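Coordinates in review
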Amino acid sequence: MILAIDIGNTTVALGGIRDGRVCFVARMDTVRTRTAAEYRAEMDKVFAHRRHPERPVRFEGAVLTSVVPQITGALAECARYYTGKKPVIVSPEIRTGLTMAVDEPHAVGKDRLVDAAYAAANFPLPVITAGPGAPPLRFNVGGQGPGVPGRCDLPGASTGLRALGERCAQLPQVHLGSPKSAIGTNTEKCMLSGSVMGTAVLIDGMVQRIEEELGQSATLVVTGGLAKYVAPLCRHPLTYDPELLMKGLALLYQLNAPQPAPRHTAAGGRRPGQPGHPHAKRPYPKKRTRREPEALVG
């Protein structure tokens, strides 16, 4: 099983992935002042709930992506503790299968690299990934080839709702959900409709504009924790995959993890009896022949 760690601005997601299948996902709060030991204590609690006496949680390697540089080192240390190996850390320098056709590759969020890498490898191109679950609403645009020619950011639904509640004295804090209609009959319903349904309309509109610039239709993949409220309200055909990032991390691990040294087998390695094999027979010294008596000269 592979340990996948996604360090976000609000939460740290921990995933267990086996053979490309996401076995579990758990989350911890992102606390920038925590040490590696403190994060390890939290991770112990997470794994304790999933550990069985006969089947303990064991990780053969780890992959990590982060948008919070202050705690990247601490979580990387935790990953090494649980696996005994240095984790694969997502960056533009590792193998992703993408061509970064942007002005500043290092400015691209690492989670975007992960989403784009998996989408480009598993969906028809061109492909657009949209993540309304993060504080910003993120769009990645992949062209005809396996590249990332561009992206765009907008305030997400949760950001808009929180800003309304914090900046407007007479507006309440509203939790995200699925609005029943576009027209609200009270303050909470109006705010929910404007934020969630407005985000769906925004996604449809942005995808339409992107397709016009590309000159062709594109595959739309929607992901993120809050996308479950937005995706059903979109008019553009889409695929909703809440595990897109975890699957992408597993893909990048496969592309970048050191491969184990091949083992010698009986078919391809040294066979018993060959020099160098531990059970090779030692050559016996040559037997001495009996010396024949010399002829007498009379």
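Here, every reference points to the structure presented above.
These remarks concern the structure in this document. Predicted model only: the values in this text are computed from it and were never measured.

Conventions adopted
Residues numbered from 1 in each chain as written. Predicted model: local features only at pLDDT ≥ 70, side-chain atom pairs only at ≥ 80, totals over all residues. Heavy atoms only, no water. Helix = DSSP H or I, 4+ residues; strand = E, 2+ residues; numbered from the N terminus. Expected span 1.5 Å × (residues − 1). Buried < 20%, exposed > 50% of the residue type's maximum accessible area, 1.4 Å probe, protein only. Contact = heavy atoms within 4.5 Å. Phe/Tyr/Trp six-rings, centres within 6.5 Å; stacked < 30°, edge-to-face > 60°. Lys NZ or Arg CZ within 6 Å of the ring centre and 35° of its normal. Pairing = 2+ DSSP bridges. Axes fitted to C-alpha atoms, helices over the stretch in contact; angles between N-to-C directions. Polar contact = N/O pair within 3.5 Å; in protein donor to acceptor, adjacent residues only side chain to side chain. Parallel < 35°, antiparallel > 145°, perpendicular 65-115°, else oblique. Left-handed = near helix turned anticlockwise from the far one by under 90°. Nonpolar A, V, L, I, M, F, W, Y, C, P; charged D, E, K, R; others polar.

1. Quick notes on helix 2 (residues 69-83)
Given a rise of 1.5 Å per residue, 15 residues ought to cover 21 Å, and the 22 Å separating the end C-alpha atoms of helix 2 matches this to within 8%. Where helix 2 is concerned, the buried positions are Ile71, Thr72, Ala74, Leu75, Ala76, Cys78, Ala79, Tyr82 and Thr83. Check the buried side of helix 2 and you find it contacts strand 1 (2-7), strand 2 (11-18), strand 3 (21-29), helix 1 (36-48), strand 4 (61-66) and strand 5 (88-89). Just downstream of helix 2, Gly84 is the residue with a positive phi angle, here 75°.

2. Some remarks on the packing of aromatic side chains
Evaluated as defined, the whole model comprises four aromatic pairs. Ring centres 5.1 Å apart and planes at 85° place the aromatic pair Phe47 and Tyr82 in the edge-to-face group. Of this pair, Phe47 sits in helix 1 while Tyr82 sits in helix 2, and the two are 35 residues apart along the sequence. In this pair, the class of Phe47 matches that of Tyr82, namely buried. A centroid spacing of 5.1 Å and a plane angle of 80° characterise the contact between Tyr81 and Tyr82, whose relative ring orientation is edge-to-face. What makes Tyr81 partly exposed here is its relative accessible area of 49%. The class for Tyr82 is buried, based on a relative accessible area of 17%. Among the aromatic residues, those joined into a cluster by ring pairs are Phe24, Phe47, Phe59, Tyr81 and Tyr82. For Arg34, the ring lying beneath its charged end belongs to Tyr39, and the centroid distance is 5.4 Å. Its guanidinium or amino end placed over the ring of Tyr81, Arg40 lies 4.1 Å from that ring's centre, counting from NZ or CZ.

3. Describing the sheet that holds strand 3
Read from one edge of the open sheet, five strands run 3-2-1-4-5, paired in mixed fashion. The sheet is open, and its two edges are formed by strand 3 and strand 5, each paired on a single side. In this fold helix 2 packs onto strand 1, strand 2, strand 3, strand 4 and strand 5, with an angle of close to 170° to the strand it touches most, strand 4.

4. Some points on the side chain of Thr96
In this fold, Thr96 is placed in the loop between strand 5 and helix 3 (110-122). Of note is the side chain of Thr96, whose polar atom sits 3.2 Å from the backbone nitrogen of Leu98. Setting aside residues no more than four positions away along its own chain, Thr96 makes contact with Ala117, Leu252 and Leu255.

5. Points about the packing of helix 1 against helix 2
Remark: helix 1 packs on helix 2, axes separated minimally by 9 Å, with the N-to-C direction vectors making an angle of 50°. In terms of orientation, helix 1 and helix 2 fall into the oblique class. Between helix 1 and helix 2 the crossing geometry is right-handed. Judged by residue contacts, Ala36, Tyr39, Arg40, Met43, Asp44 and Phe47 of helix 1 engage Ile71, Ala74, Leu75, Glu77, Cys78, Tyr81 and Tyr82 from helix 2. Its residues assigned to classes, the contact of helix 1 with helix 2 comprises ten nonpolar, no polar and three charged.

6. Quick notes on the pairing of strand 9 (residues 219-222)
Residues Thr219 and Val221 line one face of strand 9 and the alternating positions Leu220 and Val222 line the opposite face, and both faces are buried. As paired elements, strand 9 and strand 10 (residues 239-240) share two bridges and run parallel to each other. Across the sheet, Val221 pairs through a bridge with Thr239, a residue of strand 10.

7. A few points about the environment of Thr239
Mapped onto the elements, Thr239 comes out in strand 10. Judged by its relative accessible area of 32%, Thr239 is partly exposed. Each C-alpha atom, one on Thr239 and one on Thr219, is 8.2 Å from the other, the two residues being 20 residues apart in sequence. Those residues in contact with Thr239 that sit more than four places away from it in its chain are Phe123, Leu220, Val221 and Val222.

8. Some thoughts on unusual backbone geometry
With an omega dihedral of -5°, the bond running from Leu125 to Pro126 counts as a cis peptide bond. Unusually for a residue other than glycine, Asp19 sits at a positive phi of about 55°. Within the secondary structure, Asp19 sits in the loop between strand 2 and strand 3.

9. Considering the side chain of Thr219
The topology assignment puts Thr219 in strand 9. Given the relative accessible area of 18%, Thr219 is considered buried. A polar side-chain atom of Thr219 sits 3.0 Å from the main-chain carbonyl oxygen of Pro124. Beyond its immediate chain neighbours, meaning those up to four positions away, Thr219 contacts Phe123, Pro124, Pro126, Val127 and Ile128.

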